[in-house]
Amino acid sequence: MKAVKAKKRLGQHFLTDLNVAKDIADTVDICPTLPILEVGPGMGVLTQFLLEKGRTLKVVEIDEESVSYLCKNLAALGEENIIPDDFLKMHLDRVFGNTPFMLIGNYPYNISSQIFFKMLDNKEYIPYCSGMIQKEVGERLAAAPGNKAYGILSIFVQLWYDVEYLFTVSENVFSPPPKVKSAVVRMTRNSRTSLECDEELLRKIVKGTFNQRRKKLRNSIQQIVGKESPLLSDPILDKRPEQLSIEDFIGLTLKVEREL
């Protein structure tokens, strides 16, 4: 069967370097027992190395042409393990019957952030996640306070996961080649089981402050607590959002809670 044609609307860039594919597949070795869900397998270049791990493996693919290709060319996977669906709309608790699993993929650039927010919504089922994304997104995921890449995605993911930036991938190992480099990252669920503060308020504060990231925190916090709030004299509000650690943001949220 002829190769699948990459579709721009799906953000498809097919990996062609088998050594890179194997290195990505090896990221699942951190936990050799969990079943694996691969997002967007395309023509199965990563899938073939995941099959060698001898673990329960399912793939989810939205592209009908890719599904047909996998059914005809990757018999070892088995059609029953190919899910023709949109990952962003799936009920992830049902994939392996309420059992935790590892998430992996050569993720489409155009929805990579949405994929990770979906992971966060299902964090009780996904103790590990790895794969390849746009280099800029990988840097944002792993960024520490004070780094210009540090922002909303960094904080929301690092609240619940430890992030490792594993290696950079050249744009020349894809067909068609993207215009940017890629990154392979791995996320491991941390020990946090709950937040000491209101999570919705924390999200509001993080989004609000980073939407005005060049301004001091006081500007955005004032919009939440009001101009007369004693909290506005707190020295922490002289900082800019990228200077605050996750624990700082939790502490700030607790202060705002008391004000409200």
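The rules behind the values
Residues numbered from 1 in each chain as written. Predicted model: local features only at pLDDT ≥ 70, side-chain atom pairs only at ≥ 80, totals over all residues. Heavy atoms only, no water. Phe/Tyr/Trp six-rings, centres within 6.5 Å; stacked < 30°, edge-to-face > 60°. Buried < 20%, exposed > 50% of the residue type's maximum accessible area, 1.4 Å probe, protein only. Lys NZ or Arg CZ within 6 Å of the ring centre and 35° of its normal. Salt bridge = Lys/Arg side-chain N within 4 Å of Asp/Glu carboxyl O. Helix = DSSP H or I, 4+ residues; strand = E, 2+ residues; numbered from the N terminus.

Student: Before we go on, may I ask you to explain the packing of aromatic side chains in this structure?
Tutor: To describe a pair of aromatic rings, one takes the distance between the centres and the angle between the planes. Scanning all chains against the criterion turns up 5 aromatic pairs. Consider the rings of Tyr 107 and Phe 116, whose centres lie 5.6 Å apart with planes at 80°: the pair is edge-to-face. Taken individually, Tyr 107 and Phe 116 each receive the classification buried, so the pair is uniform in this respect. Grouped by ring-pair contacts, the aromatic residues Tyr 150, Phe 210 and Phe 249 constitute a single cluster. Directly above the aromatic system of Trp 160 lies the positively charged group of Lys 123, at a separation of 4.5 Å from the ring centroid. Over the ring of Phe 156 we find Arg 203; its NZ or CZ atom is 4.8 Å from the centre of that ring.

Student: Looking at this model, I keep getting lost on the pattern of salt bridges. Mind explaining?
Tutor: Side-chain pairs of opposite charge can arise whenever the charged atoms involved come near each other. Applying the stated criterion across every chain, the model contains 11 salt bridges. Note that Asp 26 is salt-bridged to Lys 53, the shortest N-O span being 2.6 Å. Residue Asp 26 is found in the loop between α1 (18-25) and β2 (36-39), and its partner Lys 53 is found in the loop between α2 (47-51) and β3 (57-60); the two are separated by 27 residues along the sequence. Between Glu 164 and Arg 186 there is a salt bridge, with the nearest N and O atoms lying 3.0 Å from each other. A residue pair is termed long-range when its members are at least 10 positions apart, and Glu 164 in strand β7 (residues 161-169) and Arg 186 in strand β9 (residues 182-189) qualify at 22 residues. Overall, Arg 186 belongs to the buried group, its relative accessible area being 14%. Salt bridges linked by common partners bring Lys 22, Asp 26, Asp 29 and Lys 53 together as one network.

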